[in-house]
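Summary of structural features
Now for the letters of each chain:
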Amino acid sequence: MRNLPTFAATAIAAIALASPLAAAQKNGAIAQDFKLTDVNGKTIQLSQFRGKTIVLEWHNPGCPFVAKHYSSGNMQATQKAARQQGAVWLTINSGAKGKQGHMTGPEAKALIAEQNIQSTNYLFDTKGVVGKAYGAKTTPHMYIIDGSGTLVYQGGIDDKPTANIADIKNARNHVLAALSEMKSGKKISVAQTRPYGCSVKYAS
């Protein structure tokens, strides 16, 4: 499926699509719209947040790289800081049923409470349609979309591609750096990096 030009016209009804999308999103282009269901069964559409900065985070609670950032509180702090700047944070789980990290709504709600996850919405992409459309390869894999709907950052959360919590204190948090530069009206100095973590556990 090709990318379509506008936020409003490009809704991907992920639940309804039978075949995955192939093309990853490109920086500087309009981010492809999508619809996913959250932990409460509510449909969330990317374009409903137009006008706001949006952070997308691919998530798998069974991944040690994800655990590094959640057990340390680094991801929650990043989520909180982003939201305090007015950003919307969408955490997406593309783990297929039977694969590592797959969760039901109640399981995800319990995890959100247990880990004090600060994202705006936790979304399920069980068929992997949105993950594949964005080219999400790892957990975590981060994307930032500006208020006009343009993708402005994609890659890792930081520059320390390890599962070692001790590395966080000396890491450059690419997401916070990009959000700070956006807030200051500056061009994002590091707009694309190599994501690191566990592979996204898509359906076969």
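The preceding data block contains the structure.
Worth saying up front: this structure is predicted, and the values here are computed from it rather than measured.

A few words on the overall build of the protein chain. Of regular secondary structure, the protein chain possesses five helices and nine strands. Residues classed as buried in the protein chain amount to 50% of the 204 residues present. Accessible surface, the protein chain: about 9,100 Å² in total, of which carbon and sulfur atoms supply 53%.

Let us now look at the pairing of strand β1 (residues 35-38). For a regular strand, side chains alternate in direction, first toward one face of the sheet and then toward the other. Bridge analysis of β1 against strand β2 (residues 43-45) gives three bridges, and the strand direction is antiparallel. Each residue of the ladder has a partner; that of Lys35, found in β2, is Gln45. What sits between β1 and β2 in their antiparallel hairpin is a turn of four residues, with Gly41 showing a positive phi close to 85 degrees. Bridging between β1 and strand β5 (residues 121-124) involves two bridges; their strand directions are antiparallel. Paired with Thr37 across the strands is Phe124, a residue of β5.

For the rest of this paragraph, the subject is the state of the cysteines. For the structure shown, the criterion picks out one disulfide. Between Cys63 and Cys198 runs a disulfide, and the two sulfur atoms are separated by 2.2 Å. A torsion of 90 degrees about the S-S bond marks the disulfide between Cys63 and Cys198 as right-handed. Pair noted here: Cys63 is in the loop between β3 (54-58) and α1 (64-71) and Cys198 is in strand β9 (residues 198-199), with a separation of 135 residues, a long-range link.

Another aspect to go through is the packing of aromatic side chains. Scanning the entire structure with this criterion turns up six aromatic pairs. Centroid distance Trp58 to Tyr134: 6.1 Å. Interplanar angle 35 degrees. Geometry classified as tilted. Separated by 76 residues along the polypeptide, Trp58 in strand β3 and Tyr134 in helix α4 (residues 129-134) bring together distant segments of the chain. Here Trp58 matches Tyr134 in class, with each residue buried. Between the aromatic rings of Trp58 and Tyr143, the centroid separation amounts to 5.5 Å while the plane-to-plane angle is 70 degrees, which identifies the pairing as edge-to-face.

What follows is about the environment of Thr139. The residue Thr139 is located in strand β6 (residues 138-139) in this model. Linking Thr139 and Gly197, residues 58 residues apart in sequence, is a C-alpha distance of 5.2 Å. Excluding its chain neighbours within four sequence positions, the residues that come into contact with Thr139 are Trp58, His59, Asn60, Cys63, Phe65, Val66, Tyr196, Gly197, Cys198 and Val200.

Looking only at helix α3 (residues 105-115), the buried set comprises Gly105, Ala108 and Leu111. Across the axial projection of α3, the buried residues extend over an arc of 125 degrees, all falling on one side. Away from the buried face of α3 by more than 90 degrees, exposed residues Pro106, Ala113 and Glu114 are located. Structurally, α3 contributes buried residues whose contacts are with β5. Just past α3, the residue Asn116 takes up positive phi, approximately 55 degrees.

On to the nonpolar core, then. Formed by 26 residues in total, the largest nonpolar core has its most connected members in Val55, Trp89, Met142, Ile144 and Val175. At the level of secondary structure, the elements contributing two or more residues to this core comprise α1, α2 (74-84), α3, β5, β7 (142-145), β8 (151-155) and α5 (174-183). Among the elements that take part in this core, α5 stands out by supplying three residues, more than any other. Leaving out residues up to four positions away in the same chain, Val55 has contacts with Val88, Trp89, Leu90, Met142, Tyr143, Ile144, Val175 and Leu179. By size, the runner-up hydrophobic cluster in this structure holds 22 residues, among which are Phe49, Ile54, Leu123 and Val200.

Procedures and definitions
- Residues numbered from 1 in each chain as written.
- Predicted model: local features only at pLDDT ≥ 70, side-chain atom pairs only at ≥ 80, totals over all residues.
- Heavy atoms only, no water.
- Helix = DSSP H or I, 4+ residues; strand = E, 2+ residues; numbered from the N terminus.
- Buried < 20%, exposed > 50% of the residue type's maximum accessible area, 1.4 Å probe, protein only.
- Areas by Shrake-Rupley, 256 points an atom, 1.4 Å probe, with all protein chains shown as cover.
- Pairing = 2+ DSSP bridges.
- Disulfide = S-S within 2.5 Å.
- Phe/Tyr/Trp six-rings, centres within 6.5 Å; stacked < 30°, edge-to-face > 60°.
- Contact = heavy atoms within 4.5 Å.
- Arc of directions from axis to C-beta.
- Core = buried A, V, L, I, M, F, W, Y, C linked by side-chain atoms within 4.5 Å.

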